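Examination of the molecular architecture
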Amino acid sequence: MTTDSSVLEISRPGSDTPIRITPLSDALGAEITGLDLTGPVTGNDLELIRSAFLEYHLLCFRSQPLTAADFSRVARYFGEPQFQLLRHQRVDEVPEVSILESTYTSAEDKPDDLQLVRLSGWHTDDSYFEIPAKATVLQILARPSSGGETRFCNTGKAYEDLSDEMKQRLSALKAVHGYDTMRAPARAQARNEVETQETPDVVHPLIRTHEDTGKKAIYFNPNRTDHIVGIDRKDSDELLDWLYAHFTQPKYRYDHQWQTGDILLWDNRCLIHSVNTDFPVGEPRIHQRILLKGTRPV
Ligand SMILES: [Fe+2]
């Protein structure tokens with residue numbers, strides 16, 4: 001819940017419409033209104049939304065579905081796009097844009113155990129790359145009438161709440177991230193030969209320091225992190241299970257209920273996300289997505 005006093009209103013010279021920044025939860029996220037994303041965003045407006053992104057980690061812009069080219073222009077306000085691994089999802093004319101469709105086209109597509117839908121699993125995008133995407137920009141083009149929320153947890157806040165002893169212990173550890181791990185309940189999508197060659201296992205620190213804010217966050221991807229380097233599997237699983245229970249607590253979480261056209265921008269360096277995959281069969285759920293280039297986690 002937020003109160004009116006938490007809304008930040010910034011008036012702009014030459015415009016009757018102020019920009020409003022409204023926090024979406026105590027854990028993370030802010031809604032930005034007063035900006036027209038169908039035209040260019042420049043100057044102070046651009047600085048304002050860039051610094052809001054670093055402060056809130058997730059921004060929501062209410063919008064109309066944009067063309068792939070316009071969507072790419074908006075994403076570039078925050079960084080340089082990179083191509084999505086899976087070629088078949090790329091849009092031909094604007095290849096940095098991917099179309100992600102999670103519609104259940106038939107009843108057989110929707111298992112009784114929704115954990116078996118890959119999107120249900122908490123993750124940070126792209127951690128199977130040596131240099132994962134720093135941020136994701138996602139716009140919903142079609143949404144189901146119920147369910148389908150994208151859920152986020154703030155792994156920076158979860159880090160801050162650890163004991164000093166645990167912080168010290170985790171800071172010395174690295175973990176292996178793969179395209180898939182048997183720790184995740186659902187299997188990853190198939191890769192072609194080139195995509196498989198591009199995604200060997202990689203090692204990342206378990207605690208990473210944000211290159212823009214200097215703040216630390218837990219960098220653990222339950223869909224991709226297989227084990228902690230240098231300790232046996234049982235101890236690794238125990239520690240990862242403990243971390244999972246810790247950083248998915250409701251106090252770190254915000255669930256986004258999509259309105260058609262919403263654009264979310266979030267920081268993969270300090271948030272994890274997952275999807276409530278309980279939505280009606282036959283109702284389209286379609287997004288366009290751009291990943292923004294990051295730096296090697298340290
Ligand atoms: Fe994702």
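Read on for a plain summary of the structure. (Residues numbered from 1 in each chain as written. Predicted model: local features only at pLDDT ≥ 70, side-chain atom pairs only at ≥ 80, totals over all residues.)

1. Regarding the overall build of the chain
Each helix and strand in the chain was counted, giving six helices and 17 strands. Summarising its shape, the C-alpha atoms of the chain cover approximately 60 × 50 × 35 Å along the three principal directions. Expressed as a percentage of the 298 residues in the chain, the buried residues total 37%. Residue pairs in contact within the chain that sit at least 24 positions apart in sequence constitute 79% of those at least 6 positions apart. (Helix = DSSP H or I, 4+ residues; strand = E, 2+ residues; numbered from the N terminus. Buried ≥ 20, exposed ≤ 12 C-beta atoms within 10 Å, placed from the backbone. Contact = placed C-beta atoms within 7 Å.)

2. Observations regarding the sheet that holds strand E8 (residues 150–154)
Reading across from one edge, E14-E8-E16 is the order of the three strands in this open sheet, with antiparallel pairing throughout. The sheet is open, and its two edges are formed by strand E14 (253–256) and strand E16 (271–275), each paired on a single side. Averaged over all adjacent pairs, the angle separating strand axes in this sheet is 20°, with direction ignored. Relative to E14, E8 runs antiparallel, the two sharing four bridges. The residue of E14 that forms the bridge with phenylalanine 152 is tyrosine 254. (Pairing = 2+ DSSP bridges. Axes fitted to C-alpha atoms, helices over the stretch in contact; angles between N-to-C directions.)

3. Concerning helix H2 (residues 68–75)
Of all the positions in H2, only Phe71, Val74 and Ala75 are classed as buried. Each buried residue of H2 lies within a common arc of 100° when the element is viewed along its axis, so the set occupies one face. Where H2 is buried, its residues touch strand E5 (81–82), strand E7 (135–142), strand E15 (263–267) and strand E17 (286–292). (Arc of directions from axis to C-beta.)

4. Looking at the nonpolar core
With 52 residues, the main nonpolar core has Leu58, Leu59, Val137, Ile218 and Leu265 as its most contacted residues. Those residues in contact with valine 137, other than ones at most four positions away along the chain, are Val74, Ala75, Ile263, Leu265, Arg289, Ile290 and Leu292. (Core = buried A, V, L, I, M, F, W, Y, C linked by C-beta atoms within 7 Å.)

5. Quick look at the sheet that holds strand E13 (residues 225–228)
On the basis of which strands lie adjacent, the open sheet formed by three strands has the order E10-E9-E13 and antiparallel pairing. The open sheet is flanked by strand E10 (202–205) and E13, the only strands paired with a single partner. Pairwise comparison of adjacent strand axes, ignoring direction, gives a mean angle of 35° for this sheet. Here four bridges tie strand E9 (residues 174–177) to E10, and the two strands are oriented antiparallel to one another. Looking at E10, one finds that histidine 177 is bridged to valine 202.

6. Re unusual backbone geometry
Even without being a glycine, histidine 57 presents a positive backbone phi close to 75°. Examined against the element boundaries, histidine 57 turns out to sit in the loop between helix H1 (43–56) and strand E4 (58–61). Taking the number of C-beta atoms within 10 Å as the measure of exposure, histidine 57 has 28 and is therefore buried. Even without a glycine there, the phi angle at aspartate 126 is positive, about 75°.

7. Description of the environment of glutamate 211
Structurally, glutamate 211 is set in the loop between strand E11 (207–209) and strand E12 (216–218). Look at glutamate 211 and you get partly exposed, because 13 C-beta atoms sit within 10 Å. Considered as a pair, glutamate 211 and alanine 30 are 181 residues apart in the sequence and their alpha carbons are 21 Å apart.

8. Some points on the environment of tyrosine 252
Topologically, tyrosine 252 is positioned in the loop between helix H6 (233–247) and E14. Assessed through the 22 C-beta atoms surrounding it within 10 Å, tyrosine 252 is described here as buried. Counting along the chain gives 33 residues from tyrosine 252 to tyrosine 219, while the straight-line C-alpha distance between them is 15 Å. Discounting chain neighbours no more than four positions away, the residues touching tyrosine 252 are Ala27, Cys153, Asn154, Lys157, Ala158 and Phe247.

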